[in-house]
Amino acid sequence: MSMAASFSSILLKGIASRSRSLTTPLTNYGIRYFSTVSNDPDTHDDFKPANKLENSGISLSDVVEQDVKENPVMLYMKGVPDFPQCGFSSLAVRVLKQYDVPLSARNILEDPELKSAVKAFSHWPTFPQIFIKGEFIGGSDIILNMHQNGELKEKLKDITSKQ
């Protein structure tokens, strides 16, 4: 075997072993994720997550309806306006911030049930979802298009600026 062939064989083996290590689960690096509440008797109730809606008689669909009704600009997004967690949500926030209107938002990543309730309310499968004056407008592509052609300015003109 020639020196070049030997070198390429070693190089390929090294690349193959590196690519395997990149696909290993994160638990190998000491990181673990939990989605349920621990039954540990040493965990105090004050530190367990609480669902405030659970005993209130208010459903998530009621929450979404109330959000849309009470907030002139309501955004259901991945992340929060100061820290969007997807490019489309970031684009929607940047476009809406151009108009200096009060922007209300909920992070759908925090609650899968909220995400489902919003989808059911709007009959729209993707996020972000923007509602203006109680009307479902669409996602970031629609907001951007409306911004570019002047429709968004017209839609937001009678919403008072944030203080």
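In what follows, the structure referred to is the one given above.
Every value quoted in this text rests on a predicted model; they were computed, and no experiment measured them.

Points about the pairing of strand 6 (residues 135-138)
So, point 1. As defined by bridge partners, strand 5 (residues 129-132) adjoins strand 6 across 3 bridges and the pair is classed as antiparallel. Across the sheet, residue isoleucine 130 finds its bridge partner in strand 6, namely glycine 138.
So, point 2. The hairpin turn running from strand 5 into strand 6, its antiparallel successor, is 2 residues long, and lysine 133 in that turn takes a positive phi close to 50°.

A look at the sheet that holds strand 1 (residues 73-77)
So, point 1. What the 4 strands build is an open sheet, ordered 4-1-5-6; its pairing is mixed. Edge positions in the sheet fall to strand 4 (104-107) and strand 6, since each has one partner strand and no second. Each strand of the sheet is rotated relative to its neighbour by a mean of 25°, with strand direction disregarded.
So, point 2. Across the face of the sheet, helix 5 (residues 140-149) comes into contact with strand 5 and strand 6 while running at roughly 90° to strand 6.

With respect to the packing of helix 3 (residues 87-97) against helix 5
So, point 1. Where helix 3 meets helix 5, the axes come as close as 9 Å, and the angle between the chain directions of the two elements is 30°. One finds that helix 3 runs roughly parallel with respect to helix 5. Crossing of helix 3 over helix 5 shows left-handed handedness. Residues Phe88, Leu91, Ala92, Val95 and Leu96 of helix 3 touch helix 5, and the partners they reach there are Ser140, Ile143, Leu144 and His147.
So, point 2. For the contact of helix 3 with helix 5, the residue count by class is 7 nonpolar, 2 polar and no charged.

Quick word on helix 3
So, point 1. Looking only at helix 3, the buried set comprises Ser89, Ala92, Val93, Val95 and Leu96. Seen from one end, helix 3 has its buried residues packed into an arc of 165°, which puts them on one side. Of the exposed residues in helix 3, the ones pointing more than 90 degrees away from its buried face are Gly87 and Arg94.
So, point 2. In this structure, the buried side of helix 3 is in contact with strand 1, strand 3 (83-84), strand 5, helix 5 and helix 6 (151-156).

Side note on helix 4 (residues 112-122)
So, point 1. Every buried residue belonging to helix 4 is among Leu114, Ala117, Val118 and Ser122, and all of these are buried. What you see down the axis of helix 4 is that its buried residues fit within an arc of 120°, all on one side. Residues Pro112 and Glu113 are exposed on helix 4 and point more than 90 degrees away from its buried face.
So, point 2. For helix 4, the secondary structure elements touched by its buried residues are helix 2 (60-70), strand 1, strand 4, strand 5 and strand 6.
So, point 3. At the N-terminal boundary of helix 4, the capping side chain belongs to aspartate 111, with an oxygen 3.0 Å from the backbone nitrogen of glutamate 113.

A look at the side chain of glutamine 129
So, point 1. Its place among the elements puts glutamine 129 in strand 5.
So, point 2. The exposure class assigned to glutamine 129 is buried, which follows from its relative accessible area of 0%.
So, point 3. A distance of 2.6 Å separates a polar atom in the side chain of glutamine 129 from a polar atom in the side chain of serine 122.
So, point 4. Engagement of the side chain of glutamine 129 in a polar contact is seen with the backbone oxygen of tryptophan 124, the distance being 2.9 Å.

Conventions used here
Residues numbered from 1 in each chain as written. Predicted model: local features only at pLDDT ≥ 70, side-chain atom pairs only at ≥ 80, totals over all residues. Heavy atoms only, no water. Pairing = 2+ DSSP bridges. Helix = DSSP H or I, 4+ residues; strand = E, 2+ residues; numbered from the N terminus. Axes fitted to C-alpha atoms, helices over the stretch in contact; angles between N-to-C directions. Contact = heavy atoms within 4.5 Å. Parallel < 35°, antiparallel > 145°, perpendicular 65-115°, else oblique. Left-handed = near helix turned anticlockwise from the far one by under 90°. Nonpolar A, V, L, I, M, F, W, Y, C, P; charged D, E, K, R; others polar. Buried < 20%, exposed > 50% of the residue type's maximum accessible area, 1.4 Å probe, protein only. Arc of directions from axis to C-beta. Polar contact = N/O pair within 3.5 Å; in protein donor to acceptor, adjacent residues only side chain to side chain.

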